[in-house]
Protein chains: 2
Amino acid sequence: MKIQRITLPNIKNIVAIASGKGGVGKSTIAYNLAVNLSKKGYKVGLLDADIYGPSLPCFTGIRHKPSLSEKKFIPHFVNGLYGMSMGFLLEKKAPVLWRGPLLQTALRQLFQDVAWPLLDVLFVDMPPGTGDAHITLGQSIPSLQVVLVSTSQQIALEDTMRCLKTFQKMNVPILGIIENMKTFVCKNCGTESDIFSGENMEALCQKEGLSFLGGLPLDLGIIQMTNQGKSIDQNVFLEKIVNRFLEATHI
Amino acid sequence: MKIQRITLPNIKNIVAIASGKGGVGKSTIAYNLAVNLSKKGYKVGLLDADIYGPSLPCFTGIRHKPSLSEKKFIPHFVNGLYGMSMGFLLEKKAPVLWRGPLLQTALRQLFQDVAWPLLDVLFVDMPPGTGDAHITLGQSIPSLQVVLVSTSQQIALEDTMRCLKTFQKMNVPILGIIENMKTFVCKNCGTESDIFSGENMEALCQKEGLSFLGGLPLDLGIIQMTNQGKSIDQNVFLEKIVNRFLEATHI
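Numbering of residues starts from 1 in each chain and follows the order in which that chain's sequence is written. Both sets of labels track the order of writing: A upward for chains, 1 upward for ligands. Per-residue local features are limited, in this predicted model, to residues with pLDDT of at least 70; the limit for side-chain atom pairs, both in listing and counting, is 80 or more; totals at the level of whole chains, interfaces and linings are taken over all residues. Values shown for side chains rest on all heavy atoms present in the structure; no hydrogens or waters enter the calculation.

Chemist: What is the right way to look at the overall build of chain A in this model?
Modeler: Counting its regular elements, chain A contains 8 helices and 11 strands. As defined in this context, the radius of gyration uses C-alpha atoms, and a globule is described by 2.2 Å times the residue total to the power 0.38. For 251 residues, the compact-globule estimate of 2.2 N^0.38 gives 18 Å, and the C-alpha radius of gyration of chain A, at 17 Å, lies within 12% of that figure. Taking the principal axes of its C-alpha atoms as reference, chain A extends roughly 55 × 40 × 35 Å. Residues count as neighbours in contact if any of their non-hydrogen atoms are within 4.5 Å of one another. Summarising the internal contacts of chain A: among those between residues at least 6 apart in sequence, 77% fall at separations of at least 24. Looking at chain A, you have 25 positive and 20 negative side-chain charges, and the mean spots of the two groups are 6 Å apart. Segments assigned H or I by DSSP are reported as helices when at least four residues long, segments assigned E as strands when at least two residues long, and all are numbered from the N terminus. All tallies of charge rest on Lys and Arg as positive and Asp and Glu as negative; His and the ends of each chain are not included. For charged residues, the charge sits on one atom: NZ in Lys, CZ in Arg, CG in Asp, CD in Glu.

Chemist: Where do I start with the interface of chain A and chain B in this structure?
Modeler: In many analyses, interface size is given as the accessible surface area lost on bringing the parts together. At the interface, 57 residues of chain A touch 57 residues of chain B. For A:Arg63, the salt bridge goes to B:Glu158, with nearest N and O atoms at 2.6 Å. When contributions to the side of chain A that touches chain B are tallied by element, the ones reaching two or more residues are α2 (56–60), α3 (100–112), α4 (132–140), α5 (154–169), β10 (192–194) and α7 (220–227) of chain A. By residue number, the principal contributor to the side of chain A that touches chain B is α5(A), which donates 8 residues. A breakdown of the residues in the side of chain A that touches chain B according to their chemical character gives 22 nonpolar, 20 polar and 15 charged. Definition used for salt bridges: Asp or Glu carboxyl oxygen within 4 Å of a side-chain nitrogen of Lys or Arg. Polar here means any residue outside two lists: the nonpolar Ala, Val, Leu, Ile, Met, Phe, Trp, Tyr, Cys and Pro, and the charged Asp, Glu, Lys and Arg; Gly therefore counts as polar.

Chemist: Would you mind going over the state of the cysteines with me for this structure?
Modeler: Throughout this description, disulfide means a covalent bond between two cysteine sulfur atoms. Cysteine sulfurs are considered disulfide-paired once they come within 2.5 Å of each other. All told, the structure shown has 0 disulfides over all chains when counted by the stated rule. Just so you know, A:Cys163 is unpaired, no disulfide at all, and the nearest cysteine sulfur is the one on A:Cys205, 14 Å from it. Cysteine A:Cys189 shares no disulfide, and the gap to the nearest cysteine sulfur, in B:Cys189, comes to 3.6 Å.

Chemist: Quick question: what am I supposed to make of the environment of A:Gly45 here?
Modeler: Residue and element names in this part refer to chain A. Along the chain, Gly45 turns up in strand β2 (residues 44–48). Spatially, the C-alpha atom of Gly45 lies 18 Å from that of Ala106, the residues being 61 residues apart in sequence. Aside from chain neighbours lying at most four places away, what touches Gly45 is Tyr82, Trp116, Leu119, Val121, Leu122 and Phe123.

Chemist: What should I look at first to understand the relation of the copies chain A and chain B in this one?
Modeler: Relating one copy of the chain to the other requires a rotation about an axis plus a shift along that axis. Superposing chain A onto chain B takes a rotation of 180° combined with a translation of 0.0 Å along the rotation axis, leaving an RMSD of 0.0 Å. Taken together, the turn and the small shift mark the pair as related by a two-fold rotation axis. Taken as a fraction of all interface residues of chain A, those also at the interface in chain B reach 100%, which identifies the copy contact as same-surface. To line up the copies, we fit them by least squares on C-alpha atoms, keeping just the residues with pLDDT of at least 70 in both.

Chemist: Got a minute to help me understand the pattern of salt bridges in this structure?
Modeler: As a working rule, side chains carrying opposite charge can pair if their charged atoms are close by. Tallied over the full model, the rule gives 10 salt bridges over all chains. With a shortest N-O distance of 3.0 Å, A:Arg162 and A:Asp159 are connected by a salt bridge. Here A:Arg162 and its partner A:Asp159 are both found in helix α5, 3 residues apart, which amounts to about one turn of the helix. Across the pair, A:Asp159 and A:Arg162 agree in class, each one buried. The salt bridge involving B:Lys12 is made with B:Asp120; its shortest N-O contact spans 3.1 Å. Placement of B:Lys12 in strand β1 (residues 11–18) and of B:Asp120 in strand β7 (residues 119–125) is noted, with a sequence separation of 108 residues between them. In this scheme, a residue with accessible area under 20% of its type's maximum is buried, one over 50% is exposed, and one in between is partly exposed, where area comes from a 1.4 Å probe on protein chains only.

Here it is, written out as structure tokens:
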């Protein structure tokens, strides 16, 4: 099959946030990383590529269709981000009964049929797994880079390693791994409990020759703020992730 | 496209455990529900249909290929269950770079090219989303029934409702919803914190005319036991789910 390249001359860096396993907090991390970078003065976009389970409409509260200009969608500008999601184009509760080929076409449109402005970085919030979306982007965007998100749960790590190898097979560079939901802090006594008691992520990164970009605890505050469309500021964990991300990308 | 029906005369009930959103504990619940039913004397199978992120090899520690008899795979028998997973057939860390059509073929094989014994119920642990796997099963297994798993997080509920409508559109009956990760219990002081502080799942079920099949807390014990291939016994929450499931299915 001939691969049609997607070219986006306006965008300096295209970074997929991927995980293999779903529910590890990929979208929450993508959103907060993007908003925090924009607060530092970078021009940032967020493309929500999880067509079956879009999260950007939920985070931002925006549900209406973007306007059109010269046959291209104008991305919504919210919380300092240029955002685009299939969720802006579909009815809220509508099921998406699309098989793979239709998904590929829809995904391409989110890149090519959107009037992306000049951006330092466009984050792509990937669907879970290593399916059609991953192959399509890996093969058609030559400048694609990847950040992986995982918990330390054994099963999540296996999926993450599989996702890692999928991208490596397509020669897509991996910027590093972010660990999520490492601990839970009790609101009553402040005790920090390991949730998954799994492998040490920093040690694993060293073993695999990957950069460890930092970690976030399972924080009720982060969940609530993100659900209300707010981003987390002055969070020491997130600040560390943002700085390590900037070092890794040389943006 | 002509739909080829999958017929499984040996199996009385085929129940998909689905969620829309990944990482809500679908596989953990499918595994523990299956093992607990088998302990009650039912003949139970578990088909791990998450081809991109199989969990059964991780839960059971089984990684080797099933043996063949008359060109059919003999499912592994472990912890009282007849289990089959694409993870038994693939190398542990191998990436699965399959587009939709190949996935459909693989999925059909997990049903048809396996020598399933006489079973009261075969649970199908679905991949997240509402993609190829959901359409394939919904359209080709006339007796399919569905149990949905969700957290009360707003974004998980939206995905769950989308998944619900996907199955309803294909006239697949929904047995009910199981809520996961409702609370976290501090190991130090025993304080129970709501994790997602989202919608009341029982009230939502009433509103949507669905059965509420019970809920499980985020329990470090359950995570650790499941990771070690053990199932949870004498757990009051799980016991309630098992009983409500039996009522819903009339098995």
